[in-house]
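Summary of the model geometry
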Amino acid sequence: MALDQETLNQFVDSVRRYVRDRLVPLEMQVAEEDRIPDDVIDELKELGLFGLSIPEEFGGLGLNMAEEAAIIQEMGYTSPVFRSMFGTNVGIGSQGIIIDGTAEQKARYLPKLATGELIGSFALTEADAGSDAGSVMTSARREGDDYIINGAKRYITNAPRAGVFTVMARTGRKEDGGRGVSAFLVDADLPGISLGKPDKKMGQKGAHTCDVMFDNVRVPASALIGGVEGQGFKTAMKVLDRGRLHISALSVGTAKRLIDESLSYSSQRKQFGTEIANFQLVQAMLADSQTEYYAGKCMVEETARSYDAGQPVSMNAASCKLFCTEMVGRVADRAVQIHGGAGYISEYCVERFYRDVRLFRLYEGTSQIQQLVIAKQMLRNATGSL
């Protein structure tokens, strides 16, 4: 649905105040303790953030893409670990069910995902399958009215908290590639599921990932998303445009925070008898960051409107993801540079953001995958081939 402008503005304002008054002051604590306090998770649920994109009929807010992008830009102003807590519920954890799920699957899972009672986790990546999503080797073998799942998944976000996994598993032959991959909704408490130790990551402390192992895990045939084998890869591809715009909006919001931190520091820090904000080379870095931030913001908002209008946006969504995630990395680098030696010290948040945003260029498809998506669509448009 599309909210009326006044309601949307009120929601955006509420999230903005919550982010700046409540979450920003908690950033260092969360990073040091490597966990989000339980009461904060409850607050995120109360705000409705777990159900941003889930239809109202299932208890969600049912926001369209432009509205979701506005909210996620506000969430980008604080540590990305807070957004990560509900991001899988908003994205692939629910969208595959919304788009291709059966009526039974929607009724069973969406209401609990919308409230955050259930945390969804997307289990695709394996030791030898990442960007090449069609090469997954986790298997799902049909046995009567059930499937038996065997395999291991790697770097799975929110796995330690997950109540349900969307598992991409091979039901066809290896030679079938993506056509032989199916998607299953697998309850996390089923026998045969085990978790690896939490990954020690470069950044984003408080957002947890780990390996997930499936050892003869038996699921009913009704767990197959859409009830059709070989549709899992296609389902994943269908939700990519929205996911890429979501991460792009997050990158834009984080760039805004980094610019504000750079402005504040450079306006107070003095060298050679004056604030460093008066130095033209510092001003040049500020101006470059502001320009790139504005470009990314315009790209995301325009593409989100096109998405809501039902227009094909795969190339532009990939362009947003490529530009915005690379952009925020450059903005973070300039922020550290403007802070000088202080930017390398953990007392200042730009050091943490510098590490945190590096992940944006990797998930939802690496920058190199985005380049391939863009170029192939350009060639199709130009020649009608490929």
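Because the structure is predicted, anything quoted here is derived from the model rather than measured.

**Focus on the side chain of Gln 204**
Considering the arrangement of structural elements, one finds Gln 204 in the loop between strand 6 (193-195) and strand 7 (209-220). Take Gln 204: its relative accessible area is 3%, and that puts it in the buried class. Not counting residues up to four positions away in its chain, the partners in contact with Gln 204 are Pro 80, Val 81, Asp 356, Leu 359, Phe 360 and Tyr 363.

**Overview of the nonpolar core**
Core analysis: the largest hydrophobic core is formed by 51 residues, its most contacted members being Leu 49, Leu 52, Phe 82 and Phe 86. At the level of secondary structure, the elements contributing two or more residues to this core comprise helix 1 (5-23), helix 3 (38-46), helix 4 (65-75), helix 5 (80-90), helix 9 (240-268), helix 10 (280-308), helix 11 (314-339) and helix 12 (349-356). Here this core gathers at least three residues from each of two domains, domain 1 (5-115) and domain 3 (234-383). In this view, Phe 82 contacts Leu 23, Leu 26, Glu 27, Val 30, Ile 36, Val 40, Leu 44 and Met 75; residues no more than four positions away in its chain are not counted. Counting 23 residues, the second-largest nonpolar core is a separate cluster that includes Phe 58, Tyr 109, Leu 118 and Val 181.

**Points about the UniProt feature "domain: Acyl-CoA oxidase/dehydrogenase middle" (unreviewed entry) in the chain**
Per the UniProt record, "domain: Acyl-CoA oxidase/dehydrogenase middle" (unreviewed entry) is annotated on residues 121-217. The distance from the first to the last C-alpha atom of residues 121-217 is 17 Å, and the span holds 0% helix and 47% strand.

**As for helix 12**
Taken across its eight residues, helix 12 has six buried, putting it largely inside the fold. Restricting attention to buried positions, one finds in helix 12 the residues Cys 349, Val 350, Glu 351, Arg 352, Phe 353 and Asp 356. The secondary structure elements touched by the buried residues of helix 12 are helix 2 (27-33), helix 5, helix 9 and helix 11.

Cut-offs applied
Residues numbered from 1 in each chain as written. Predicted model: local features only at pLDDT ≥ 70, side-chain atom pairs only at ≥ 80, totals over all residues. Heavy atoms only, no water. Helix = DSSP H or I, 4+ residues; strand = E, 2+ residues; numbered from the N terminus. Buried < 20%, exposed > 50% of the residue type's maximum accessible area, 1.4 Å probe, protein only. Contact = heavy atoms within 4.5 Å. Core = buried A, V, L, I, M, F, W, Y, C linked by side-chain atoms within 4.5 Å. Domains from an automatic or database assignment. UniProt positions renumbered as here; feature names shortened; annotations may be inferred.

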